[in-house]
Amino acid sequence: MQNLNHCEIFINIMYHSVHLINVKHSKINLGGRVDGALHITNCTDTTIHGSSQQLRIHESSNLQFYRFCVDTGAILEDSTDICFFTSGDDTTLLTQTKDFDWFRIDKPSPNFRVEIIPPEEDKKKCN
């Protein structure tokens, strides 16, 4: 999917790979699991729900991921203000996300954060 602006997209089938390119001010709900990589390039001000085996984020900013489950952690490159909201059961995003623009091991990357939200708040934001 590319060049979307102010859109709401709901996909309820499984894909082996999904590419989001130049998506702005949108809501993407991947109702079916991405059984491979979700590639996000040059996207801003967008909310994404779903799960994938891999998550790769490039040249993007102000992305919010709700209930996003990823098997191997996310990879960020040239991206800022990325937020993963989770109910706290899955620590993969917190412990395995790699920011290729942040090489310090003594401080967390300022380019992404993982926020734990209460289950009742999670339901409100994700529906």
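Residues numbered from 1 in each chain as written. Predicted model: local features only at pLDDT ≥ 70, side-chain atom pairs only at ≥ 80, totals over all residues. Heavy atoms only, no water.

Visitor: I'd like a description of the packing of aromatic side chains, backed by residues and values.
Guide: As enumerated under the stated definition, the model contains 3 aromatic pairs in all. For the pair Phe 84 and Phe 112, a centre-to-centre distance of 6.4 Å together with 70° between the ring planes defines the contact as edge-to-face. With Phe 84 in strand E9 (residues 80-86) and Phe 112 in strand E11 (residues 112-116), this residue pair connects regions lying 28 residues apart in the sequence. Here Phe 84 matches Phe 112 in class, with each residue buried. Here a set of aromatic residues connected by ring pairs shows up, and it is made of Phe 65, Phe 84 and Phe 112. (Phe/Tyr/Trp six-rings, centres within 6.5 Å; stacked < 30°, edge-to-face > 60°. Helix = DSSP H or I, 4+ residues; strand = E, 2+ residues; numbered from the N terminus. Buried < 20%, exposed > 50% of the residue type's maximum accessible area, 1.4 Å probe, protein only.)

Visitor: Lay out the pairing of strand E5 (residues 34-41) in plain terms, naming residues and giving numbers.
Guide: Sheet topology note: the strand E3 (residues 15-24)/E5 ladder contains 6 bridges and is parallel. The residue of E5 that forms the bridge with Val 18 is Leu 38. Alignment of E5 against strand E6 (residues 44-58), held across 6 bridges, turns out to be parallel. Of the residues in E6, the one forming a bridge with Val 34 is Ser 52. (Pairing = 2+ DSSP bridges.)

By themselves, these are just geometric observations and shouldn't be taken as functional.
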